[in-house]
Amino acid sequence: LKQIYQRLDENEPLKPDDPRYQPVYDYPGCDNPVELMQKHIEWSGVESVQLFSGFRGSGKTTELLRLQKQLEDKGYVVLYADALDYLSPSEEVDIANLLIVLAGAFSDALGDKIGMDVAGESYWTRFKNYLTQTAVEIPEVTVPGVDLKLSLKTSPSFRQKLEQFLAHRIGQLKNHVDQFIEDGVKTIRERRGEETQVVFIFDSLEQVRGSRSNEQAVIRSVERLFANYYPKMLTLPYLHAVYTVPPWLKFAAPNITKIIIIPCVRQWENDAGRNKHKEGCNALCFLVGKRFGEEGSKRCFGELSREPSQVEAKDMPGEEGSEGCCSESCGHCNPSVQKILDVCGGHFRDLLLLLRETLLRAKSLPVSAEVIEAAISEVRSHFLPIAIEDARWLHQIAELRTAALPSVSPEDVNRLTRFLDTHFVLYFRNGNEW
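Overview of the structure. (Residues numbered from 1 in each chain as written. Predicted model: local features only at pLDDT ≥ 70, side-chain atom pairs only at ≥ 80, totals over all residues. Heavy atoms only, no water.)

A few words on the overall build of the protein. Each helix and strand in the protein was counted, giving 17 helices and 7 strands. Across the 434 residues of the protein, 53% fall into the buried class. Restricting the contact set of the protein to residue pairs at least 6 apart, pairs at least 24 apart contribute 75%. Of the roughly 20,000 Å² that the protein leaves accessible, carbon and sulfur atoms contribute 48%. (Helix = DSSP H or I, 4+ residues; strand = E, 2+ residues; numbered from the N terminus. Buried < 20%, exposed > 50% of the residue type's maximum accessible area, 1.4 Å probe, protein only. Contact = heavy atoms within 4.5 Å. Areas by Shrake-Rupley, 256 points an atom, 1.4 Å probe, with all protein chains shown as cover.)

A few words now on the packing of aromatic side chains. In the structure shown here, the tally under the stated rule is 15 aromatic pairs. When the centroid spacing of 6.5 Å and the interplanar angle of 85 degrees are considered together, the rings of phenylalanine 106 and phenylalanine 180 count as edge-to-face. Of this pair, phenylalanine 106 sits in helix α4 (residues 95–114) while phenylalanine 180 sits in helix α9 (residues 170–192); the two residues are 74 residues apart in sequence, bridging distant segments of the chain. The class for phenylalanine 180 is buried, based on a relative accessible area of 0%. With a centroid separation of 6.4 Å and an interplanar angle of 65 degrees, the aromatic rings of tyrosine 123 and tryptophan 124 are classed as edge-to-face. This pair shows no difference in class: tyrosine 123 is buried, exactly as tryptophan 124 is. Above the ring of phenylalanine 165, the side-chain terminus of arginine 169 is found at 4.1 Å from the ring centroid. Positioned above the aromatic ring of tyrosine 5, the side-chain terminus of arginine 356 is 4.0 Å from the ring centre. (Phe/Tyr/Trp six-rings, centres within 6.5 Å; stacked < 30°, edge-to-face > 60°. Lys NZ or Arg CZ within 6 Å of the ring centre and 35° of its normal.)

For strand β3 (residues 198–203), the tally of buried residues reaches 6 of 6 residues, placing the bulk of the element in the interior. Covered by surrounding structure in β3 are Val198, Phe200 and Phe202 together with Val199, Ile201 and Asp203, the residues of both alternating faces. As paired strands, strand β2 (residues 77–82) and β3 are joined by 6 bridges and run parallel to one another. Within β3, the position partnered with valine 78 by the bridge is valine 199. When β3 meets strand β4 (residues 240–244), the two strands line up parallel, connected through 4 bridges. Across the sheet, the residue bridging to phenylalanine 202 is tyrosine 243, located in β4. Crossover connection from β3 via helix α10 (residues 215–229) to parallel β4: handedness right-handed. (Pairing = 2+ DSSP bridges. Right-handed = clockwise from strand over helix to strand, strands pointing away.)

In this structure, the largest pocket encloses a volume near 760 Å³. Looking at the largest pocket, it is lined by 28 residues, and the ones nearest its centre are Trp268, His423, Phe424, Val425 and Leu426. At the level of secondary structure, the elements contributing two or more residues to the lining of the largest pocket comprise α14 (348–361), α15 (369–381), α16 (388–400) and α17 (410–421). The class makeup of the residues in the lining of the largest pocket is 20 nonpolar, 3 polar and 5 charged. Here the second largest pocket is characterised by a volume of approximately 630 Å³. Lining the second largest pocket are 34 residues, with Gly57, Ser58, Gly59, Lys60 and Arg349 positioned closest to its centre. Breaking the lining of the second largest pocket down by element, the ones donating at least two residues are α3 (60–73), β2, α12 (278–301) and α14. Here the lining of the second largest pocket gets 4 residues from one element, more than from any other, and that element is α3. Residue composition of the lining of the second largest pocket, grouped by class: 10 nonpolar, 10 polar and 14 charged. (1 Å grid on protein atoms, 1.4 Å probe; cavity = no way out; pocket = protein on both sides within 12 Å on 5 of 7 lines; lining within 4 Å. Points joined across faces, edges and corners; volume = space filled by probe spheres on them. Nonpolar A, V, L, I, M, F, W, Y, C, P; charged D, E, K, R; others polar.)

It is worth spelling out the pairing of strand β1 (residues 48–54) at this point. With 7 of 7 residues buried, β1 is to be regarded as a mostly interior element. The side-chain alternation of β1 yields two buried faces, one formed by Ser48, Gln50, Phe52 and Gly54 and the other by Val49, Leu51 and Ser53. Across 5 bridges, β1 lies against β4 in parallel orientation. The residue of β4 that forms the bridge with leucine 51 is tyrosine 243. Relative to strand β5 (residues 260–262), β1 runs parallel, the two being bridged by 3 bridges. Paired with serine 53 across the two strands is isoleucine 261, which belongs to β5.

A general trend in soluble globular proteins is that nonpolar side chains are found buried together. Core analysis: the largest hydrophobic core is formed by 79 residues, its most contacted members being Phe127, Phe200, Phe202, Phe226 and Tyr243. The leading source of residues in this core is α4, at 13 residues. (Core = buried A, V, L, I, M, F, W, Y, C linked by side-chain atoms within 4.5 Å.)

The end-to-end C-alpha distance of α10 is 21 Å, a good match for the 21 Å that 15 residues give at a rise of 1.5 Å each. Listed as buried for α10 are Val218, Ile219, Ser221, Val222, Leu225 and Phe226. The buried residues of α10 occupy an angular sector of 160 degrees when the element is viewed end-on, so they sit on one face. Its buried side turned inward, α10 meets β1, α4, α11 (249–252) and α17. (Expected span 1.5 Å × (residues − 1). Arc of directions from axis to C-beta.)

What follows covers the packing of α4 against α9. Interhelical geometry of α4 versus α9 gives an angle of 15 degrees and a closest axis separation of 10 Å. On the basis of the axis angle, α4 is roughly parallel to α9. Relative to α9, the crossing made by α4 is left-handed. Judged by residue contacts, Ile95, Ala96, Leu99, Ile100, Ala103, Phe106, Ser107, Leu110 and Ile114 of α4 engage Ile170, Leu173, Lys174, Val177, Phe180, Ile181, Gly184, Val185, Ile188, Arg191 and Arg192 from α9. In terms of residue class, the contact of α4 with α9 is built from 15 nonpolar, 2 polar and 3 charged. (Axes fitted to C-alpha atoms, helices over the stretch in contact; angles between N-to-C directions. Parallel < 35°, antiparallel > 145°, perpendicular 65-115°, else oblique. Left-handed = near helix turned anticlockwise from the far one by under 90°.)

Let us now look at the side chain of aspartate 421. Structurally, the position occupied by aspartate 421 is in helix α17. Filtering out sequence-adjacent residues up to four positions away, aspartate 421 remains in contact with Phe55, Arg56 and Arg209.

Let us now look at the sheet that holds β4. Read from one edge of the open sheet, 5 strands run β2-β3-β4-β1-β5, paired in parallel fashion. Whereas interior strands pair on both sides, the edge strands pair on one side only; in this sheet they are β2 and β5. Strand-to-strand twist in this sheet, taken as the mean axis angle between neighbours without regard to direction, amounts to 20 degrees. Packing against the sheet, α3 makes contact with β1, β2, β3, β4 and β5, and its axis sits at approximately 170 degrees to β3. Lying on the sheet, α4 is in contact with β2, β3 and β4; it crosses β2 at an angle near 125 degrees.

So, to be careful, I would describe these as geometric facts and stop short of saying anything about function.
Have a look at this one:
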């Protein structure tokens, strides 16, 4: 139980070669987000820019790691950076700061991945020289030994002074950043070959959301950033850029651009009776089998109630030659597993949490129906209490099966985002969005 419990960590991104990974988007009628992004990169020449998003626990980072692996297998150089290493998640974002951070993150990723600087210097050194040459009067620039990267993230006064200094020099700053990126790509191609394509993944930008005191101001700053500067200012020369953005950007600024958002796995149809969607249920079922293993599934949940031969392999997404649903490592035909799947909503994190709570309560094996009910009650309690006004809106969403957003004000957008982040509301995009 301890070993299986550790394999059910809902906060751990999976690497592409992890045996626990299940390709849940490889079934009919479901868009594969990684396939869409990869095709866009491969078909866009030498540079492109894409926005990617996912709600908390949707598996966004796992899918980005899969994109990285598949592109690297095709000869691309893929650089990865985490935005939270450079930006404070509770502060407003300015175009000047973001451009600096993008160049700095690219520089750091280049050093980590290939072990090289651009023309013998990092971007932080080049940027400090740029500020010195323009005679900027900011102490953090003139004092020797000050870490610009750290100051940019942790010092609001430094960011404010920098924003004021660069406010009328955005075009000049963009040229400075572009020149560094261009030099960096040239450096990569000198080592890897002239035809080498470079991809830069800038992850976790969606986690910039502010604190209780300034949440709406931060939402407005991110909205302004993409409304005013995307895609032109955020397209980087000779580079395929992928930015993860807050999913609420789709609702706050629906006309900005296309955003690829990871949906929940569809377990039912968008019809009056909510009829079961077999492929989605099977995908989650096989995911359980991957986490528990054949022996673990049998010991924890008991024997299957049907023979594997009763369901054809074509019903189950997965690797070529897969046994399909109802192989012995799958719990689809087990009523105990089905009970858990029926209440998870197609959300990975909630499914894994339900399974962990079940194992914690197990007194004997296989687990009893009472243990499963207790685990469901525990996870259900995480959603409480529900405010009356929230309940009214949620009821409207349940009836209409759309966001039913009253307005695109930061207050309403933030409230809907909270619903989605906490899984009160589930987002599906299998064909039509609902």
